[in-house]
Amino acid sequence: LQSMGWTKVAGPYQDGDVIIWAATSISGGHEHVGILFNQDGQVMAFMNSSALLKPEIIPLASYARAIAHVLREPGA
């Protein structure tokens, strides 16, 4: 995404920002990706759940993994 002009942001997060969570030993060294949006004043993340084997929506604050970075689309 960065090669296509997306930029790293530290917040406040906007609808459509792409979040990349840091890799962990439990994840086999893989990062995890989600899309952020605002719902009733709370930042939510739409992501795939490996445990549930389907997409899920969670409050960003409740996800335990560290945030590696957040990217924003050019012009957003």
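For the structure itself, look to the data block above.
Residues numbered from 1 in each chain as written. Predicted model: local features only at pLDDT ≥ 70, side-chain atom pairs only at ≥ 80, totals over all residues. Heavy atoms only, no water.

*Asks:* Help me understand the nonpolar core in this model?
*Replies:* Generally speaking, nonpolar side chains in soluble globular proteins are found buried as a group. Within the largest apolar cluster, nine residues are counted, these being Val9, Ile19, Trp21, Leu36, Ala45, Met47, Ile58, Leu60 and Val70. Among the elements of the structure, β2 (18–21) and β4 (42–49) are those that each provide at least two residues to this core. Not counting residues up to four positions away in its chain, the partners in contact with Ile58 are Met44, Ala45, Met47 and Tyr63. (Core = buried A, V, L, I, M, F, W, Y, C linked by side-chain atoms within 4.5 Å. Buried < 20%, exposed > 50% of the residue type's maximum accessible area, 1.4 Å probe, protein only. Helix = DSSP H or I, 4+ residues; strand = E, 2+ residues; numbered from the N terminus. Contact = heavy atoms within 4.5 Å.)

*Asks:* For this particular structure, what's the right way to read a nonpolar patch on the surface?
*Replies:* Residues Ile35, Phe46 and Ile57 make up a contiguous nonpolar surface patch of about 260 Å² in total accessible area. Assignment of secondary structure puts Ile57 in strand β5 (residues 54–59). Assessed through its relative accessible area of 45%, Ile57 is described here as partly exposed. (Patch = residues over 30% accessible without salt bridge, like charges linked within 9 Å, V, L, I, M, F, W, Y side chains within 5 Å. Areas by Shrake-Rupley, 256 points an atom, 1.4 Å probe, with all protein chains shown as cover. Salt bridge = Lys/Arg side-chain N within 4 Å of Asp/Glu carboxyl O.)

*Asks:* Help me understand the sheet that holds strand β1 (residues 7–9) in this model?
*Replies:* Strand pairing in a sheet is mediated by backbone hydrogen bonds. Such pairs are either parallel or antiparallel. Overall, antiparallel pairing links the six strands, which are arranged β1-β6-β2-β3-β4-β5 in an open sheet. Each of the sheet's edge strands pairs with one partner strand only, and the pair in question is β1 and β5. Strand-to-strand twist in this sheet, taken as the mean axis angle between neighbours without regard to direction, amounts to 35°. With four bridges connecting them, β2 and strand β3 (residues 32–39) associate as antiparallel partners. In the sheet register, Ile19 faces β3, and the bridge partner there is Gly34. (Pairing = 2+ DSSP bridges. Axes fitted to C-alpha atoms, helices over the stretch in contact; angles between N-to-C directions.)

*Asks:* Looking at this structure, I do not really get unusual backbone geometry. What am I missing?
*Replies:* What you tend to see is this: most non-glycine residues have negative phi, and most peptide bonds are trans. Here Gly11 and Pro12 are connected by a cis peptide whose omega angle stands at -5°. With respect to the helices, strands and loops of the structure, Pro12 is situated in the loop between β1 and β2. Positive phi values are uncommon outside glycine, yet Asp40 reaches one of about 55°. Along the chain, the position of Asp40 falls in the loop between β3 and β4. You can call Asp40 exposed: its relative accessible area is 77%. With a phi close to 60°, Leu53 is a non-glycine residue in the positive phi region. Examined against the element boundaries, Leu53 turns out to sit in the loop between β4 and β5. We classify Leu53 as exposed; its relative accessible area is 74%.

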